[in-house]
Amino acid sequence: MRLILPLFAAAFSLGCTACTRQPVVVSVATDSRIFQGNWSGIPRKLGTGEALGEVKVNVAATYLSPTSYALSGTLALDGVTYTLEGAARAFDGARLKPQMSQVVPTIQWNTELRHGDQIVGNLFGSEYIAATDPKIDSTSTRLVLKSQGYDLLLRRVP
């Protein structure tokens, strides 16, 4: 018993040192992990998987606070261009500045789609922020357009 307790304590302390995380720096203005820029994808109807035409999203991010940023831009689908406006919020300990967290930092966004003065839908999604991954190349989102929901995988357009 005297030998087992010190071995257990040593193993436990080694395991805990692996749990520490490095700070995650996320700059809204320049970090490619932020949902901004040009994206495209094919929306698929929830439940049936039926595909619509290609969606093209152009979105700009503007810093608001250590836990949020504004989003604005356009979403084009089937020859119709919608205005996109909304915000992203940081959850699970994510900060738009250096921070330490034991949970996986997450940034979540939600935008309204307008056609003229009418709100016709939403584009929303979230992204886990990994310290080791320098950018987001694709993101799974949800598109709600005219009360119909779609799964939408957007890929960054170079």
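Quick note: structure is the one above.
Residues numbered from 1 in each chain as written. Predicted model: local features only at pLDDT ≥ 70, side-chain atom pairs only at ≥ 80, totals over all residues. Heavy atoms only, no water.

A. Fine view of the overall build of the protein. On a plain count of helices and strands, the protein comes out with one helix and nine strands. The order of helices and strands in the protein, counted from the N terminus, is α-β-β-β-β-β-β-β-β-β. Expressed as a percentage of the 158 residues in the protein, the buried residues total 32%. For the protein, the share of sequence-separated contacts (at least 6 apart) that also reach a separation of at least 24 residues comes to 46%. Accessible area for the protein stands at about 9400 Å²; split by element, carbon and sulfur atoms hold 57% of it. (Helix = DSSP H or I, 4+ residues; strand = E, 2+ residues; numbered from the N terminus. Buried < 20%, exposed > 50% of the residue type's maximum accessible area, 1.4 Å probe, protein only. Contact = heavy atoms within 4.5 Å. Areas by Shrake-Rupley, 256 points an atom, 1.4 Å probe, with all protein chains shown as cover.)

B. Looking closely at the pairing of strand S6 (residues 106-115). In this sheet, S6 lies alongside strand S5 (residues 80-91) in antiparallel orientation, the contact comprising nine bridges. Within S6, the position partnered with phenylalanine 91 by the bridge is threonine 106. Examined bridge by bridge, S6 and strand S7 (residues 118-128) share 10 bridges and lie antiparallel to one another. Paired with glutamate 112 across the bridge in S7 is asparagine 122. Remark: two residues form the turn of the hairpin made by S6 and S7, two consecutive strands paired antiparallel; glycine 116 in that turn has positive phi of roughly 70°. (Pairing = 2+ DSSP bridges.)

C. View of the pattern of salt bridges. If you walk through the whole model with that rule in mind, you get three salt bridges. Glutamate 112 is the partner of arginine 114 in a salt bridge, and the nearest nitrogen-oxygen pair spans 3.0 Å. For arginine 142, the salt bridge goes to aspartate 151, with nearest N and O atoms at 2.5 Å. (Salt bridge = Lys/Arg side-chain N within 4 Å of Asp/Glu carboxyl O.)

D. The packing of aromatic side chains, seen in detail. Under the criterion given, the structure shown has two aromatic pairs. Taken together, a centroid distance of 5.3 Å and an interplanar angle of 45° make the contact between phenylalanine 35 and tryptophan 39 tilted. Here phenylalanine 35 falls in the buried class, since its relative accessible area comes to 1%. Considering the side-chain rings of phenylalanine 35 and tryptophan 109, the 4.3 Å spacing of their centres and the 10° angle between planes classify their relative orientation as stacked. Within this pair, whereas phenylalanine 35 is found in the loop between helix H1 (4-17) and strand S1 (37-41), its partner tryptophan 109 is found in strand S6, the two being separated by 74 residues in sequence. The exposure classification of phenylalanine 35 matches that of tryptophan 109, with both residues buried. Clustering of aromatic rings is evident, with ring pairs tying together Phe35, Trp39 and Trp109. (Phe/Tyr/Trp six-rings, centres within 6.5 Å; stacked < 30°, edge-to-face > 60°.)

E. Up close: the nonpolar core. The biggest cluster of nonpolar side chains holds 28 residues, and the ones touching the most others in it are Phe35, Val57, Tyr69, Leu75 and Leu143. Put simply, the parts of the chain that give this core at least two residues each are strand S3 (55-65), strand S4 (68-77), S5, S6, S7, strand S8 (138-145) and strand S9 (148-156). (Core = buried A, V, L, I, M, F, W, Y, C linked by side-chain atoms within 4.5 Å.)

F. Spotlight on the environment of threonine 48. Here threonine 48 is to be found in the loop between strand S2 (43-45) and S3. The spatial distance from the C-alpha of threonine 48 to the C-alpha of tyrosine 150 is 9.8 Å, given a sequence separation of 102 residues. Of the polar contacts made by the side chain of threonine 48, one reaches the backbone nitrogen of glutamate 50; its length is 3.2 Å. (Polar contact = N/O pair within 3.5 Å; in protein donor to acceptor, adjacent residues only side chain to side chain.)

Geometric descriptors of this kind do not, in isolation, establish any biological role.
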